[in-house]
Structure formats: structure tokens, C-alpha cells
Amino acid sequence: MEKKTILLVLALLFCCMSIQVHSKYHSENKNGFHYKEKVTNLHFYLFDFLTGKNPSAVEIARPNRPVGAKASTPFGHIYAIDDPLREGPDENSSVIGNARGFYLSTSQSEDLTLLMNVDFGFTKGEFNGSSISVVSRNPVTEPHRELAVVGGRGKFRLARGFAELTTYYLNTTNGDAIIEYNVTVLHY
């Protein structure tokens, strides 16, 4: 019995010991994280259209009860989006990417507020194949507002920053909008 106890204690000690492992799947940066951080400024226009033959935003869910006053995006409604990102505010300007994700109408008052969870993917130019992620409150009725950039991929890996939005065009009857984005992103 005493031998079994000693063997059990030794086995537990060996299990608790730290063993340095070297493999092609793991390595440690002995000098710490020393990549040079970059600041990138982006400027583009988002076209969010709920109307027409091919809308870029569609309602995917709504509350199972009356929502009160009619609005273009009533409280509690969720919209999936695949909005084009363009170089300029004109519908004929070059498409440089798309914004894919969803937004939720979160305001019960006349001040339209959305909660946005959107990936802005770039398909042209220097940032082709890269994206930034925005998860933030968007008070749409304010002419100038700021959203949080919380991540990214590709050239925007480990991104953080903010997007300053200005409403270029808004149809309050049907919800169609063109939004100017000025984005400042810190990334490695």
C-alpha cells in the first residue's frame, strides 16, 4: 500500500511539472510583442437601401407584438445587410468593398438608434482582402456620430479605432441612406 501511495505522489508531481516544448506549432517571442503599430485613415460611402428591386438591407426579424408608431426601422426589428462601399456619394462611383452584418433598431423614441455588428470588407486597392469590424451604437438621427472599430483581419489584424459618420442622404420615409465614413484605424 505504501509503494502505491509513493508511486501516486510521484506521478502527481511529474504531472504538475512544467516541461518546455518546442514545435512548429508553438513558439515564444522572447523579446515581447514589438511590431510597429500603423495608423490608417479610410474614407468611403456606405449605401444602405431598404427599397428597390435589389435592396442591400432586408428585415429578418421583428417583435411579436405591436411596436407603436410607424417608422422606417421600428424598435426591435433586425436587418441583415450587404451594403456596397463606394469611393464617392454617387451611385456610379467605384465599389471598393461591402459592409456585411446586421443592425438592430434599439430606440423606442423618435431618435432612431441602431446597434451595428458589421464587417467592412475591402475588395479593391491596397486593402483588398482585409476588413475592419464595427460593433457599436449608431444614433442615426444625429448628423455626426462616432462608432467603435473593434477588430479586423488581413492588413487590419488587431485593429482598433473609430469611425466618424456623417449622413450624406437619408429618406426618413423608407430608410434608404448614404453615409460618409471617415475611419481611423490602429493596427500592426
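Everything that follows concerns the structure shown earlier in this document.
Residues numbered from 1 in each chain as written. Predicted model: local features only at pLDDT ≥ 70, side-chain atom pairs only at ≥ 80, totals over all residues. Heavy atoms only, no water.

Quick word on the overall build of the protein
Here is step 1: Looking only at helices and strands, the protein has 1 helix and 9 strands in total.
Here is step 2: Ordered by position from the N terminus, the helices and strands of the protein form the series α-β-β-β-β-β-β-β-β-β.
Here is step 3: Counting all 188 residues of the protein, 34% fall into the buried class.
Here is step 4: Long-range contacts, defined as pairs at least 24 residues apart, comprise 49% of the intrachain contacts of the protein with a sequence gap of at least 6. (Helix = DSSP H or I, 4+ residues; strand = E, 2+ residues; numbered from the N terminus. Buried < 20%, exposed > 50% of the residue type's maximum accessible area, 1.4 Å probe, protein only. Contact = heavy atoms within 4.5 Å.)

Comments concerning the packing of aromatic side chains
Here is step 1: According to the stated counting rule, one finds 9 aromatic pairs in the structure shown.
Here is step 2: Geometrically, the ring pair formed by Phe44 and Phe122 is edge-to-face, given 5.8 Å between the ring centres and 70° between the ring planes. Of this pair, Phe44 sits in strand β1 (residues 38-48) while Phe122 sits in strand β5 (residues 113-122); the two residues are 78 residues apart in sequence, bridging distant segments of the chain. Accessibility classification places Phe44 together with Phe122 in one group, the buried group. (Phe/Tyr/Trp six-rings, centres within 6.5 Å; stacked < 30°, edge-to-face > 60°.)

Here's the deal with the side chain of Asp176
Here is step 1: Here Asp176 shows up in the loop between β8 (160-170) and β9 (177-187).
Here is step 2: Despite its burial, Asp176 remains without a salt bridge, the nearest opposite charge being carried by Arg86 at 13 Å.
Here is step 3: Here Asp176 is in contact with Asp48, Phe49, Leu50, Thr51, Tyr169, Leu170 and Asn171, once residues within four sequence places are set aside. (Lys, Arg positive; Asp, Glu negative; His and termini not counted. Salt bridge = Lys/Arg side-chain N within 4 Å of Asp/Glu carboxyl O.)

Section: the nonpolar core
Here is step 1: Judged by nonpolar contacts, the single largest core of 32 residues is most densely connected at Leu42, Phe44, Phe120, Phe122, Ile132, Tyr181 and Val183.
Here is step 2: Elements that contribute at least two residues to this core include exactly β1, β3 (78-86), β4 (95-105), β5, β6 (131-139), β7 (144-153), β8 and β9. (Core = buried A, V, L, I, M, F, W, Y, C linked by side-chain atoms within 4.5 Å.)

With respect to the pattern of salt bridges
Here is step 1: Scanning the entire structure with this criterion turns up 4 salt bridges.
Here is step 2: With its nearest N and O atoms 3.8 Å apart, the salt bridge here joins Arg153 to Asp119. Of the two residues, Arg153 sits in strand β7 while Asp119 sits in strand β5, which places them 34 residues apart along the sequence.

What about the side chain of Thr40?
Here is step 1: Inspection of the secondary structure puts Thr40 in strand β1.
Here is step 2: Reaching out from Thr40, the side chain makes a polar contact with the side chain of His187 at a distance of 2.6 Å.
Here is step 3: In this structure, Thr40 is in contact with Phe127, Phe156, Val183, Thr184, Val185 and His187, ignoring residues within four places of it in sequence. (Polar contact = N/O pair within 3.5 Å; in protein donor to acceptor, adjacent residues only side chain to side chain.)

So, the pairing of β5
Here is step 1: Within β5, 7 of the 10 residues are buried, which leaves the element mostly enclosed by the surrounding structure.
Here is step 2: Pairing of β4 with β5 involves 9 bridges; the strand directions are antiparallel. Looking across to β5, one finds that Ala99 is bridged to Phe120.
Here is step 3: Both β5 and β6 contribute to a ladder of 9 bridges, which runs antiparallel. Bridge pairing links Phe120 to Ile132 in β6. (Pairing = 2+ DSSP bridges.)

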